[in-house]
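Here is how the chains run, residue by residue.
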Amino acid sequence: MTTAETISVAQARRITLAAQGFTDPKPGGATDLRHLRRVLRRLHLIQMDSVNVLQRAHFMPLYSRLGPYPAALLERAAYKRPRELFEFWGHEASLIRVDLQPLFRWRMERASESAWGGMRRIVAEQPDLVAWVLDEVRQRGPITASEIEHDAPRRKDHWGWNWSVVKQALEWLFWSGQVTAAERTTSFARSYDLPERVLPPAVLNAPTPEPAEAFRTLVELSARALGVAAEAELKDYFRLPTQAARTAVAELVEAGVLRPVTIPGWKPVAYLHAEAKLPRRVAAATLISPFDPLIWQRERTERLFDMSYRIEIYVPKPQRLYGYYVLPFLLGDRFAARVDLKANRQAGVLEVPAAWLEPSADQEVTAQALAAELRRLAGWLGLGSIAVPVAGDFASPLAAALKAL
């Protein structure tokens, strides 16, 4: 990298894609833990989400960077000894590199300030229940909420989070670091246990950094993962407190780790990591999950890629613009299309409810590349066929390309 004070949007885009691992070579043969670790060293964490219309969210970032890989590799890294990952609140619910656990102890210690209201109420109003739940985990763990909640009262005024008081207590204990996730059941329920029975001793015995040191390290890791980013994006990567992130950015600039740069069209000041790489080109051709760190910040996505993207899962169907579970298609260093997908596992079919071409993309080239990517994705998911795309301005060209395959 040169020391120029101004970089173009195209340069920022390529820097970002390189930092996110899209210029790393994909495995030539069988994928193993070494490849998984390489991605995790770049991303540091992977967001989790319960939606399973296509594939659980945490499996997709590895697929986007490695291609088809054994999903069991991620399960092994997260839930088998020696663990490479642990569950905690990073960028929302996340699988985080286990060696970074000490950097999140400040969040555990501040649970009484930052945990969701229902959790704080439980610990304030029913401390005996919380103590009982912790003892149940100590005596019987690993254990799920359903195994001990019995006939506990359950809220019915919120369709998405109708947690029993036992589940709320478990989540408080999880947020405060007194319990952790030992595994996930086949229904994706979290199974809780004590940290000393889950996390490696070297991690548990590692010293706890001062919060300011933790913030500085987490911002530096965010900058590595993003390559070049505005302060708000460095803060958002690990969902850090605003003032703490601002102070950390200033300290890293003073230390020469971050360098302020101007990017034409960007209102916020951008910060370039000192070790960021600027590749000449990016040869990606892959689908990106709605929960991929590349596109976490939607405003950043629009500034970098000139693509307005929103997930529409929670938008009523008549008001959706593109579809229920839409994945952008990265071709080269630009998003060329977006496609609504659903895995019909019972029928063994990858369904394509809609496909849309981005304005600047070449229709024929994109159709061929996306068709090949859909075939690769279907194979990875164990689906034997791909349905004809139904709706969208790109449905017919994509259908023709799929047929040609």
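Calculation criteria
- Residues numbered from 1 in each chain as written.
- Predicted model: local features only at pLDDT ≥ 70, side-chain atom pairs only at ≥ 80, totals over all residues.
- Heavy atoms only, no water.
- Salt bridge = Lys/Arg side-chain N within 4 Å of Asp/Glu carboxyl O.
- Axes fitted to C-alpha atoms, helices over the stretch in contact; angles between N-to-C directions.
- Helix = DSSP H or I, 4+ residues; strand = E, 2+ residues; numbered from the N terminus.
- Parallel < 35°, antiparallel > 145°, perpendicular 65-115°, else oblique.
- Contact = heavy atoms within 4.5 Å.
- Nonpolar A, V, L, I, M, F, W, Y, C, P; charged D, E, K, R; others polar.
- Pairing = 2+ DSSP bridges.
- Phe/Tyr/Trp six-rings, centres within 6.5 Å; stacked < 30°, edge-to-face > 60°.
- Buried < 20%, exposed > 50% of the residue type's maximum accessible area, 1.4 Å probe, protein only.
- Lys NZ or Arg CZ within 6 Å of the ring centre and 35° of its normal.
- Polar contact = N/O pair within 3.5 Å; in protein donor to acceptor, adjacent residues only side chain to side chain.
- Arc of directions from axis to C-beta.

A. Region of interest: the pattern of salt bridges. For the structure on display, the rule yields 24 salt bridges. Salt bridges sharing partners connect three or more residues here, namely Glu-87, Lys-167, Glu-171, Arg-184 and Arg-190.

B. Representation of the packing of helix 7 (residues 117-125) against helix 9 (residues 165-175). At their nearest, the axes of helix 7 and helix 9 sit 9 Å apart, and the two run at 100 degrees to each other. By the angle between their axes, helix 7 is roughly perpendicular relative to helix 9. In this structure, helix 7 uses Gly-118, Met-119, Ile-122 and Val-123 to contact helix 9, whose residues at the interface are Val-165, Gln-168, Ala-169, Glu-171, Trp-172 and Trp-175. Considered class by class, the residues forming the contact of helix 7 with helix 9 number 7 nonpolar, 2 polar and 1 charged.

C. Representation of the pairing of strand 13 (residues 349-357) in the model. As judged from the 7 bridges shared by strand 12 (residues 334-344) and strand 13, these two strands associate in the antiparallel manner. Within strand 13, the position partnered with Val-339 by the bridge is Ala-355. Hairpin connection, strand 12 to strand 13: the antiparallel pair is bridged by 4 residues, and Gly-348 has positive phi, about 70 degrees. Both strand 13 and strand 14 (residues 385-386) contribute to a ladder of 2 bridges, which runs parallel. Paired with Leu-350 across the strands is Ile-386, a residue of strand 14.

D. Expanded view of the packing of aromatic side chains. Applying the stated rule across the entire model yields 12 aromatic pairs. Centroid distance Tyr-63 to Trp-380: 4.6 Å. Interplanar angle 25 degrees. Geometry classified as stacked. Here the residue Tyr-63 occupies a position in helix 3 (residues 60-66), and Trp-380 occupies one in helix 15 (residues 363-381), the gap between them amounting to 317 residues. Trp-380 carries the same exposure label as Tyr-63, and that label is buried. Pairing Phe-86 with Phe-88 gives two aromatic rings, centres 6.4 Å apart and planes at 15 degrees, and the pair type is stacked. The two residues Phe-86 and Phe-88 agree in class, both being buried. Aromatic ring contacts, followed pair by pair, group Phe-86, Phe-88, Phe-104, Phe-174, Tyr-237, Phe-238 and Trp-296 into a single cluster. Taking NZ or CZ as reference, Arg-56 lies 4.3 Å from the ring centre of Phe-188, over its face. When the ring centre of Tyr-322 is taken as origin, the NZ or CZ atom of Arg-338, which lies over that ring, is 4.1 Å away.

E. Local environment of the sheet that holds strand 6 (residues 190-193). With antiparallel pairing, 3 strands are arranged side by side in an open sheet as 4-6-5. Edge positions in the open sheet fall to strand 4 (143-144) and strand 5 (180-184), since each of these has one partner strand only. Judged from the 2 bridges that link them, strand 4 and strand 6 form a sheet pairing that is antiparallel. Across the sheet, residue Ile-143 finds its bridge partner in strand 6, namely Tyr-192.

F. Spatial organisation of the packing of helix 1 (residues 9-19) against helix 14 (residues 298-305). Helix 14 packs onto helix 1 with a crossing angle of 125 degrees between their chain directions and a minimal axis gap of 8 Å. Accordingly, the angle class assigned to the pair helix 1 and helix 14 is oblique. For the pair helix 1 and helix 14, the contacting residues are Val-9, Ala-12, Arg-13, Thr-16 and Leu-17 in the first and Arg-300, Arg-303, Leu-304 and Phe-305 in the second. Of the residues in the contact of helix 1 with helix 14, the class split is 5 nonpolar, 1 polar and 3 charged.

G. Main features of the environment of Leu-199. Along the chain, the position of Leu-199 falls in the loop between strand 6 and helix 10 (201-204). Classification of Leu-199 by relative accessible area gives buried; the value is 5%. With residues near it in sequence (within four places) discarded, Leu-199 still touches Phe-86, Val-98, Gln-101 and Leu-204.

H. Geometry of the environment of Ser-191. With respect to the secondary-structure elements, Ser-191 resides in strand 6. Exposure remark for Ser-191: the relative accessible area of 2% places this residue in the buried category. The sequence separation of Ser-191 and Ala-230 amounts to 39 residues, and the corresponding C-alpha distance is 37 Å. At 3.4 Å, the side chain of Ser-191 forms a polar contact with the backbone nitrogen of Ile-143.

I. Fine view of the sheet that holds strand 14. Here 5 strands make up an open sheet; going across it, the order is 10-11-12-13-14 and the pairing mixed. Two strands lie at the open edges of the sheet, namely strand 10 (284-287) and strand 14, each paired on one side alone.

J. Quick peek at helix 16 (residues 395-404). Along helix 16, the positions that sit buried rather than exposed are Ala-395, Pro-397, Leu-398, Ala-401 and Leu-402. With its buried residues spanning 165 degrees around the axis, helix 16 presents them on a single face. Exposed and oriented more than 90 degrees from the buried face of helix 16 are Ser-396, Lys-403 and Ala-404.

K. Inspection of the side chain of Gln-20 at higher detail. Among the structural elements, Gln-20 can be located in the loop between helix 1 and helix 2 (33-43). You can call Gln-20 buried: its relative accessible area is 0%. Apart from residues no more than four positions distant in its own chain, Gln-20 is found in contact with Arg-42, Leu-43, Arg-65, Ala-225, Leu-226, Tyr-237, Asp-292, Pro-293 and Leu-294.

In short, geometric facts, not functional conclusions.
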